[in-house]
Number of protein chains: 2
Amino acid sequence: MKDVAGRAGVGLKTVSRVVNGEPGVTLETRRRVQEAIDALGFRRNDSARVLRKGRTATVGLVLEDLADPFYGPLSRAVEEVARAHDTLLINGSSAHDPCREQELALALCSRRVDGLLVVPAGPDHRYLEPEMNAGIATVFVDRPARGIAADTVLSDNHGGARSGVAHLIAHGHRRIGYIGDLPRIHTAAERLRGYRTAMEEAGLPVRPGWVSLGSTAPERVRRAAEEMLGGPDPVTALLTGNNRVTVTVVRVLAEREPHRPVALVGFDDFELADLLRPAVTVVAQDAAGLGRVAARRLFDRLERTDLPPAVVELPTRLVVRGSGELPPAG
Amino acid sequence: MKDVAGRAGVGLKTVSRVVNGEPGVTLETRRRVQEAIDALGFRRNDSARVLRKGRTATVGLVLEDLADPFYGPLSRAVEEVARAHDTLLINGSSAHDPCREQELALALCSRRVDGLLVVPAGPDHRYLEPEMNAGIATVFVDRPARGIAADTVLSDNHGGARSGVAHLIAHGHRRIGYIGDLPRIHTAAERLRGYRTAMEEAGLPVRPGWVSLGSTAPERVRRAAEEMLGGPDPVTALLTGNNRVTVTVVRVLAEREPHRPVALVGFDDFELADLLRPAVTVVAQDAAGLGRVAARRLFDRLERTDLPPAVVELPTRLVVRGSGELPPAG
């Protein structure tokens, strides 16, 4: 920085302001400093800031899918907690790909984030151990880490699904189907488990055709719903495993004859669920709560490195709106 | 890296693999290398990778709001183009704050992104000139940059709004209101301009109470809609300026007496618009197209630095579904 200051004919403080993007420097002076930087052949980086503070005041968030509305409130909540700590949030999407998750997480670590929040896409998180040992606080959100012990914040997937199915049973249904995400995904497996628990507690059998796990792509979900509603052993009610599945099933049900209504409870709330007819009964997660609790835990861990890892489970909430209370047809 | 290799008793290639998070290293060896790195007092960073390639194979995206569904398809499209170029995408949210936009954009630059896509929240982008001069390709999306000449990809906001209002006029409406975002925002101003153009072209006056610009917070939009629908000079149709405004207005209209329906055209499509009753007529933007065109422009610019800045405008599309074709009540 001394060389740059000398070449540009300004003080060190001015160089610092330009390097850190701070105000208080005229455009002309900024250009002179930048020319000096270019001429001397190096690029601004965060090392000055790091040396001064020991931290870069940035945290990273690895999500699964930027277009899934579930992650909107979650990441916004994380962003608000980060902002309250004068910290920037940068995030990336794994697009459900474990390799991409690892690439992104390590890329964020190499960019000197102070901490990392990860929504796991993959089955093994030991790749993060060296980074965690080097001091990057890491909290897992929505699904647990695999292969390492770490702070985790989850929804009560099992209990939530169980309450959704119990609600359908309480309204007279005996023939209930479950359409969910890929079985390797923790949330899908836990919600399936909750479905099975509720059916078992009511002494109801689960027919083979009544469980369908797989991609949430609309074509796959549509076929699964049509098979459960047609065929020799049709269901009279459905529990859908997340908002993506629910939205496709809502469309399938809207196309059917209205005199044979099918009851629906969706896991995950979604925008306009209350304006549809019938309005959709859901098991709502607190996506913002997940983000907020995880982010606060991250900052706690940054202040106190002696905290043992903890798993926090947030309750879900059944929101009764109409679709889950329709009686069995016939 | 030589010091680390020596201390850990491994080759340079192995150190490189550990530093870059590549596979092909046992956990035990990885720990030994990491211990050597820690003991020698430095942290992994991207400098090795940069020296080797000259680029960090990462691009940054600064959005306005992680929870707005408009940005979902946009960022996912950017991510897909980045992936096709073996590049990671990291993004951040300005939360509509110009200072935050600047902080984030500069933080991403300081983390050595090769390029930057910015959805501007602020009124002045000269702060990015030094970075652009230093070689960080920058493309602006959805709104133009201010104070600098740069690649920009926009929707045809004026033409889209004009077509939406012309559609309402064609269905018999003369008393049409516009509820939009803050006037300082380019898209809101352009859509207002399109509304005014269509009214003028049809020889229709715009009454003072028929234009309401401001925050998209539900309470503000609700009040605006109620005032336009009540009062001495009520409207019979509305053009809503973006998906956030549309969703709130849909709720307001759903609470009203069904025998006095109000026609609605919303700017921006949104999920389940077709399942509402009435299904919502929209002026749809191609959010994914905006992201895709902007990202491709970014990579073009990275390959050919002599490209002059260009502004690309993508057309909108009127999607007729029901709400925009309701005749004036009475």
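Residues numbered from 1 in each chain as written. Chains lettered and ligands numbered in written order. Predicted model: local features only at pLDDT ≥ 70, side-chain atom pairs only at ≥ 80, totals over all residues. Heavy atoms only, no water.

Quick word on the overall build of chain A
A tally of helices and strands in chain A yields 12 helices and 12 strands. The C-alpha atoms of chain A give a radius of gyration of 25 Å, which is well past the 20 Å a tight globule of 330 residues would have. When the backbone C-alpha atoms are referred to their principal axes, chain A occupies close to 85 × 40 × 30 Å. Here chain A holds 330 residues, and the buried ones make up 56% of them. Expressed as a percentage of contacts within chain A between residues at least 6 apart in sequence, the contacts between residues at least 24 apart total 67%. As presented, chain A carries roughly 13,700 Å² of accessible surface, and 50% of it is formed by carbon and sulfur atoms. (Helix = DSSP H or I, 4+ residues; strand = E, 2+ residues; numbered from the N terminus. Rg over C-alpha atoms; globule rule 2.2 N^0.38 Å. Buried < 20%, exposed > 50% of the residue type's maximum accessible area, 1.4 Å probe, protein only. Contact = heavy atoms within 4.5 Å. Areas by Shrake-Rupley, 256 points an atom, 1.4 Å probe, with all protein chains shown as cover.)

Here's the deal with the relation of the copies chain B and chain A
Once turned by 180° and shifted 0.1 Å along the axis, chain B lies on chain A with an RMSD of 0.1 Å. One copy is carried onto the other by what is essentially a two-fold rotation axis. No C-alpha of chain B approaches the rotation axis more nearly than that of B:Asn91, which lies at 2.5 Å. In this assembly the copies share their binding face: 98% of the residues contributing to the interface of chain B also contribute to that of chain A. (Least-squares fit on C-alpha atoms with pLDDT ≥ 70 in both.)

Comments concerning helix α2 (residues 12-19) of chain A
Buried within α2(A) we find A:Thr14, A:Val15, A:Ser16, A:Val18 and A:Val19. After α2(A) finishes, the residue A:Gly21 shows a positive phi value of roughly 70°.

Quick word on unusual backbone geometry
Most peptide bonds take the trans form, and the phi angle of most residues other than glycine is negative. Here A:Arg277 and A:Pro278 are connected by a cis peptide whose omega angle stands at 0°. Structurally, A:Pro278 can be placed in the loop between β9 (263-267) and β10 (281-284). Look at B:Leu272: it is not a glycine, yet its phi comes out positive at around 75°. Note on B:Leu272: relative accessible area 2%, which makes it buried.

Some points on the domain arrangement of chain A
Assigned domains of chain A: these are domain 1 (2-44), domain 2 (55-155 + 287-314) and domain 3 (157-285 + 318-325). When each unit is reduced to the centre of its C-alpha atoms, the spacing between domain 1 of chain A and domain 2 of chain A is 35 Å. (Domains from an automatic or database assignment.)

Examining the side chain of A:Thr87
For A:Thr87, the location among the structural elements is in the loop between α5 (71-84) and β2 (88-93). Contacts of A:Thr87, omitting those with residues within four sequence positions, involve A:Ala57, A:Thr58, A:Val59, A:Ala82, A:Phe299 and B:Arg100.

Things to note about the nonpolar core
Membership of the largest hydrophobic core comes to 86 residues, with the highest contact counts inside it found for A:Ile179, A:Tyr195, A:Val249, B:Ile179, B:Tyr195 and B:Val249. The residues touching A:Ile179, leaving out its near neighbours within four places in the chain, are A:Ser212, A:Arg220, A:Val221, A:Ala224, A:Ala225, A:Met228, A:Leu238, A:Leu239, A:Thr240, A:Gly241, A:Val245 and A:Val249. With 50 residues, the next largest nonpolar core counts A:Leu66, A:Leu298, A:Phe299 and B:Phe299 among its residues. (Core = buried A, V, L, I, M, F, W, Y, C linked by side-chain atoms within 4.5 Å.)

Considerations on the interface of chain B and chain A
Each partner contributes residues to the interface: chain B has 60 residues there, and chain A has 59 residues. Both faces combined, the contact of chain B with chain A buries some 5,300 Å², and carbon together with sulfur accounts for 52% of it. The tally of links from chain B across to chain A stands at 12 salt bridges. The residue A:Arg100 makes a salt bridge to B:Glu79 at a minimum N-O spacing of 3.6 Å. At the surface where chain B touches chain A, the tally comes to 14 residue pairs in polar contact (both at pLDDT 80 or more). Elements with a minimum of two residues in the side of chain B that touches chain A: α3 (27-39), α5 (71-84), β2 (88-93), α6 (98-110), α7 (129-133) and α11 (243-254) of chain B. The greatest single-element share of the side of chain B that touches chain A, amounting to nine residues, is contributed by α6(B). Of the residues that constitute the side of chain B that touches chain A, the class distribution is 24 nonpolar, 14 polar and 22 charged. (Buried area = accessible area lost by both parts, 1.4 Å probe. Salt bridge = Lys/Arg side-chain N within 4 Å of Asp/Glu carboxyl O. Polar contact = N/O pair within 3.5 Å; in protein donor to acceptor, adjacent residues only side chain to side chain. Nonpolar A, V, L, I, M, F, W, Y, C, P; charged D, E, K, R; others polar.)

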